[in-house]
Each structure stands twice: as C-alpha cells, then as structure tokens.
Amino acid sequence: MSKVIVVTSGKGGVGKTTTSASFASGLASRGHRTVVIDFDIGLRNLDLVMGCERRVVYDFVNVINEEATLKQALIRDKNDSNLHILPASQTRDKDAFTREKVGKVIRELRDNFDYIVCDSPAGIEKGALMALFYADEALVVTNPEISSVRDSDRILGMLAAKSLRAIKDYEPIKEHLVVTRYSPARAETGEMLSLDDIQELLGINLIGVIPESEAVLNASNAGIPVIRDEQSSSGQAYQDMVSRFLGEEVPMRFLDVERKGFLKRIFGA
C-alpha cells in the first residue's frame with residue numbers, strides 16, 4: 001500500500017527541500033517507486049536540487065487545471081528509474097490548489113508509486129496545508145535553534161488538527177523529527193540547542209540528525225541530492241535516516257565532538 005509523506009517545518013531555510021530530495025532518492029535507491037512533489041508554487045526549488053530544471057515542460061498546476069496529464073508532467077530522474085519529480089509552477093497562484101483537485105492527483109499517484117513525498121513550503125499558508133492534508137506520515141525538519149523548534153511545534157499542531165486523518169478521526173499522522181545543520185561542538189558550548197532539548201520541546205521520535213557540512217551546498221549547486229555523496233557526513237546521515245524510516249535499526253552517528261589527538265593538536269592536521 002502506498003504512503004504519502006510530507007516534509008514540513010514552520011520556518012523557512014531549514015533544509016526541507018534538501019531533505020525531500022535526499023529522502024526520495026534514498027527510498028528509490030532501495031527499490032521503491034517514489035515520486036517527490038514540489039508544493040511551493042511561485043518559488044520552485046526542488047527541480048534545481050534534483051538537477052532537472054531544464055526538463056520542466058508541465059508542472060503540478062498544469063495537472064490540477066487539466067492542462068496536462070500527470071504522465072506529461074512527471075520527470076523521471078536521470079540516475080534512478082524508480083524516482084520521479086512533479087515540479088511546482090513559478091508563475092501561478094496558490095489559489096489553484098483545492099483539496100478536491102490535489103486529492104485527485106494524490107489518488108492517481110497512489111496507483112503508481114509506493115511513496116509520495118510532498119515537499120512543503122514553510123509556514124502554515126495554503127500550500128503548506130495542502131501538502132500535509134493527505135499525509136500518512138510526516139518528516140518535521142528543524143534546526144537546533146529556538147525559533148525553528150518553536151515553529152515546528154506549531155506545525156505539529158497543524159498535523160494533529162488540519163489533516164484528513166484528523167478530520168476523519170483516523171489514526172494520527174506518524175511524525176518523525178529530522179534535525180539539520182547540527183554541530184556537536186556548538187551544542188556542547190550552548191551556542192545551539194542540544195538534541196535532548198529539541199526532543200523535550202517537541203516530543204516526537206528522532207529519525208535523523210544531519211550534521212553541518214559544505215557538502216549540502218555543493219550538492220545543491222551541482223543539482224545532485226546530497227544523499228548520493230557517500231563520502232560526506234551529510235550524505236551518510238541521510239542514508240541512515242532512510243534506513244530507520246524503512247524499519248532498520250541503525251545507530252545515530254555524528255553526534256559527538258571530534259577530539260583531536262596529540263599529533264593533530266601539535267600540527268593542526
């Protein structure tokens with residue numbers, strides 16, 4: 001049975017699109033037919049991160065307005081035939097979204113994919129509410145700073161009250177916490193919140209901790225999901241996150257401060 005997973009947060013710039021791209025790529029690499037949808041009408045960054053911006057002909061709004069079929073709008077990933085992207089529109093209005101029209105697209109996607117990953121805009125405006133409405137599970141992305149965590153707490157309230165599952169009194173959306181841009185050294189000195197602080201404030205299951213890394217920016221600029229950079233700590237952390245989502249028991253990595261040995265302290269190597 002297919003699942004709809006929303007990648008959401010209250011605050012912008014926390015790494016939702018990076019997480020959506022890597023999460024969807026990771027699922028596809030494990031053999032699951034996966035589609036990732038950009039709900040951020042007007043901005044549209046997912047296609048850039050996925051490296052397919054030049055292949056966009058039709059978009060999500062074209063499908064909703066029946067100006068193109070879903071098959072025409074879906075872009076197959078160049079590196080993985082299990083992965084498809086449904087880009088957002090840069091020129092349309094968010095008013096194109098209605099529950100009925102979005103629901104029709106989601107139902108059609110359920111017939112053809114194992115996982116439907118919804119890359120949500122930040123905040124609680126219409127696009128964000130549409131992205132979470134049909135969700136079965138949610139990845140709540142936050143940075144280790146109080147404003148980001150507070151806004152994520154607000155999103156948890158929306159997931160509990162504004163989704164189809166909430167309205168129909170079905171089993172609640174299963175929530176997972178993803179902490180991005182985490183630095184153990186800065187957390188140790190109190191410059192950012194610790195993982196214990198974040199979990200205490202939000203009270204949901206921690207599924208992934210993505211360390212601060214230049215690899216994320218480099219991958220985005222290259223149009224490659226960072227999960228495919230197997231040498232980087234961020235890529236490995238996203239691989240671990242996907243494994244945990246799929247039910248594997250994988251220990252958390254990159255949580256401890258790297259202590260320099262005697263020679264490193266002397267020579268700075």
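Above this note sits the structure.
Right, let's walk through the structure included here. (Residues numbered from 1 in each chain as written. Predicted model: local features only at pLDDT ≥ 70, side-chain atom pairs only at ≥ 80, totals over all residues. Heavy atoms only, no water.)

### Things to note about the state of the cysteines
Covalent bonding between the sulfur atoms of two cysteines defines a disulfide.
Right, so step 1: For the structure on display, the rule yields 0 disulfides.
Right, so step 2: Considering cysteine sulfurs only, C118 is the nearest to C52, which forms no disulfide, with 16 Å between them.
Right, so step 3: What makes C52 buried here is its relative accessible area of 1%.
Right, so step 4: Accessibility expressed as a relative area gives 1% for C118, which makes it buried. (Disulfide = S-S within 2.5 Å. Buried < 20%, exposed > 50% of the residue type's maximum accessible area, 1.4 Å probe, protein only.)

### Quick notes on the packing of helix α1 (residues 16–29) against helix α12 (residues 233–245)
Right, so step 1: Two elements in contact, α1 and α12, have axes separated by 9 Å at closest approach and are oriented at 60°. One finds that α1 runs oblique with respect to α12. The interaxial crossing formed by α1 with α12 has right-handed handedness. Together, T18, T19, S22, F23, G26 and L27 of α1 and Y238, M241, V242 and F245 of α12 make up the contact between the two elements.
Right, so step 2: Each residue belonging to the contact of α1 with α12 can be placed in one class, and the counts come to 6 nonpolar, 4 polar and no charged. (Axes fitted to C-alpha atoms, helices over the stretch in contact; angles between N-to-C directions. Helix = DSSP H or I, 4+ residues; strand = E, 2+ residues; numbered from the N terminus. Parallel < 35°, antiparallel > 145°, perpendicular 65-115°, else oblique. Left-handed = near helix turned anticlockwise from the far one by under 90°. Contact = heavy atoms within 4.5 Å. Nonpolar A, V, L, I, M, F, W, Y, C, P; charged D, E, K, R; others polar.)

### Topic: the nonpolar core
Right, so step 1: If you look at the biggest cluster of nonpolar residues, it comprises 49 residues, and the most contacted ones within it are I37, F39, F60, L86, V102, L109 and L159.
Right, so step 2: No other element matches the 5 residues that helix α7 (residues 146–161) contributes to this core.
Right, so step 3: In this structure, M50, V56, I85 and L139 belong to the second largest nonpolar core, which totals 33 residues. (Core = buried A, V, L, I, M, F, W, Y, C linked by side-chain atoms within 4.5 Å.)

### Concerning the side chain of S2
Right, so step 1: Along the chain, S2 falls in the segment before β1 (3–8).
Right, so step 2: Residue classification places S2 among the buried residues on the basis of a relative accessible area of 10%.
Right, so step 3: Once residues lying within four places of it in the same chain are set aside, the contact partners of S2 are R110, F113, D114 and D136.

### A short note on the packing of aromatic side chains
Remark: the centre distance and the inter-plane angle together describe each pair of aromatic rings, the angle taken between the planes.
Right, so step 1: Here the structure, examined in full by the defined rule, presents 6 aromatic pairs.
Right, so step 2: Aromatic side chains F23 and F245 sit 5.0 Å apart centroid to centroid with 90° between the ring planes, which places their arrangement in the edge-to-face category. Here F245 lies in helix α12 and F23 lies in helix α1, a separation of 222 residues in the sequence.
Right, so step 3: Of the residues examined, F23 reaches a relative accessible area of 0% and is grouped as buried.
Right, so step 4: Seen in terms of ring centroids, F39 and F97 are 5.5 Å apart; in terms of plane orientation they differ by 40°. Their pairing is tilted. With a gap of 58 residues between them, F39 in the loop between β2 (34–38) and α2 (46–49) and F97 in the loop between β4 (83–86) and α5 (99–110) connect regions that are remote in the sequence.
Right, so step 5: Exposure remark for F39: the relative accessible area of 1% places this residue in the buried category.
Right, so step 6: Classification of F97 as buried rests on a relative accessible area of 0%. (Phe/Tyr/Trp six-rings, centres within 6.5 Å; stacked < 30°, edge-to-face > 60°.)

### Quick look at the environment of V57
Right, so step 1: Take V57: it is sitting in the loop between α2 and α3 (60–64).
Right, so step 2: Considering only alpha carbons, one finds V57 and I75, 18 residues apart in sequence, at a separation of 9.1 Å.

### Concerning the pattern of salt bridges
Right, so step 1: Within this structure, the stated rule accounts for 12 salt bridges.
Right, so step 2: Ionic pairing is found between R110 and D136, a salt bridge with its closest N-O pair at 3.1 Å. Within this pair, whereas R110 is found in helix α5, its partner D136 is found in the loop between α6 (126–133) and β6 (137–142), the two being separated by 26 residues in sequence.
Right, so step 3: Taking the relative accessible area as the measure of exposure, R110 reaches 25% and is therefore partly exposed.
Right, so step 4: Shared partners join several salt bridges into a network, and the residues in it are R110, D136 and R165. (Salt bridge = Lys/Arg side-chain N within 4 Å of Asp/Glu carboxyl O.)

### Topic: the pairing of β1
Right, so step 1: Of all 6 residues making up β1, 5 are buried, and the element is well covered by its neighbours.
Right, so step 2: Summarising the sheet, β1 and strand β5 (residues 115–119) pair through 5 bridges and their orientation is parallel. When the bridges of β5 are listed, K3 appears paired with Y115.
Right, so step 3: Across 4 bridges, the pairing between β1 and β6 is parallel. (Pairing = 2+ DSSP bridges.)

Such coordinate-based values are descriptive only and should not be taken to indicate function.
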